[in-house]
Amino acid sequence: MNSIKAVLFDLDGTLADTAPDLIHALNLSLLDRKIAPQSVESLRYSASHGSLALVKAGVPHLDETTQLEIQQSLLDYYKMVNGEKAQLFNGFDVFLDLLDSNEIPFGIVTNKQAKFTRPLIDALGLTHRAKSIISGDSTHHPKPHTAPMLLAAQQINCKPHEILYLGDAERDLVAADNAGMIGGTALWGYLSESDTPDQWPSKIEFNTVADLHELFLTKVIS
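Residues numbered from 1 in each chain as written. Predicted model: local features only at pLDDT ≥ 70, side-chain atom pairs only at ≥ 80, totals over all residues. Heavy atoms only, no water.

### Section: the side chain of Asp-168
Right, on to step 1. With respect to the helices and strands, Asp-168 occurs in the loop between β6 (163-167) and α8 (170-179).
Right, on to step 2. Among buried Asp, Glu, Lys and Arg side chains, Asp-168 stands out as unpaired, with Arg-171 the closest opposite charge at 6.0 Å.
Right, on to step 3. At a separation of 3.2 Å, a polar atom in the side chain of Asp-168 contacts the side chain of Thr-14.
Right, on to step 4. Apart from the residues within four sequence positions on either side, Asp-168 is in contact with Asp-10, Asp-12, Gly-13, Thr-14, Ser-48, Ala-186, Gly-189, Tyr-190, Leu-191 and Trp-200. (Helix = DSSP H or I, 4+ residues; strand = E, 2+ residues; numbered from the N terminus. Buried < 20%, exposed > 50% of the residue type's maximum accessible area, 1.4 Å probe, protein only. Lys, Arg positive; Asp, Glu negative; His and termini not counted. Salt bridge = Lys/Arg side-chain N within 4 Å of Asp/Glu carboxyl O. Polar contact = N/O pair within 3.5 Å; in protein donor to acceptor, adjacent residues only side chain to side chain. Contact = heavy atoms within 4.5 Å.)

The structure is reproduced here in structure tokens:
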């Protein structure tokens, strides 16, 4: 761990709790069709897997054509509500300050499209702090491909093996492993009961952001 010189984060479910905005946009779409809204807690685990996965989890009984129509409506509403309720997970404000004070650069690699990523990062107040912001359409291939990972490494001027990449989905850890980064699993993220993080190619698991903070204080910065 003392070889870490930079940190990259997945966005949804790792760095920020974005589920409330995403599920609000879904519920607005459902209300247009006179379908009962869904609770945040019932769909939180789907928030990391894209808009269509969220729709399928919310209304699995509807036909595919209707689900695709709801997905498009969700995305239209999400442009309006993106960033309204999203916030950094508890403890990240202090942890990011720790990184900044020790001149450890951090960045974001997400599969969210740039048109949604940039406004959200701005709402979170990280636009001028993150040294790299890579979206799902920044390269030809999103995660688990290595292309976005290696582009971020280039932008923060660090070798992959010097970077801790933190994510809450299997594709995050596969991407980190294939790119030669140190993969860390954010167990506070949007994991479902069917997820098996112990089988992901993760170098270390973190139950809370406080655990991450403690690791840096004892192993990275000391």
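### Quick look at the sheet that holds strand β4 (residues 106-109)
Right, on to step 1. Pairing in this open sheet of 6 strands is parallel, and the strands run β5-β4-β1-β6-β7-β8 from one edge to the other. Since the sheet does not close on itself, it has two edges, and those belong to β5 (132-134) and β8 (204-206), each with one partner. In this sheet, neighbouring strand axes are inclined to one another by 20° on average, regardless of whether the strands run parallel or antiparallel.
Right, on to step 2. Bridging between β6 and strand β7 (residues 182-186) involves 4 bridges; their strand directions are parallel. Considered in β7, the bridge of Tyr-165 is made with Gly-183.
Right, on to step 3. Running over the sheet, helix α5 (residues 92-101) touches β1 (6-9), β4 and β6 and is turned about 145° from β1.
Right, on to step 4. Seen against the sheet, helix α7 (residues 147-155) touches β1, β4, β5 and β6 and runs at an angle of roughly 165° to β5. (Pairing = 2+ DSSP bridges. Axes fitted to C-alpha atoms, helices over the stretch in contact; angles between N-to-C directions.)

### Points about the environment of Ala-176
Right, on to step 1. Inspection of the secondary structure assignment puts Ala-176 in helix α8.
Right, on to step 2. Here the alpha-carbon distance between Ala-176 and His-161, two residues 15 residues apart in the chain, equals 9.6 Å.
Right, on to step 3. The contacts of Ala-176, once residues within four sequence positions are left out, are Met-149, Tyr-165, Met-181 and Gly-183.

### A closer look at the nonpolar core
Right, on to step 1. Counting residues in hydrophobic clusters, the biggest one holds 51 residues, and the most contacted among them are Phe-9, Phe-92, Phe-95, Leu-99 and Phe-216.
Right, on to step 2. Considering every element that reaches this core, the biggest residue donor is helix α1 (residues 19-32), with 6 residues.
Right, on to step 3. Here Phe-95 is in contact with Phe-9, Val-209, Leu-212, His-213 and Phe-216, once residues within four sequence places are set aside.
Right, on to step 4. Ranked by size, the runner-up nonpolar core spans 15 residues in total, among them Leu-8, Tyr-165, Ala-175 and Ala-176. (Core = buried A, V, L, I, M, F, W, Y, C linked by side-chain atoms within 4.5 Å.)

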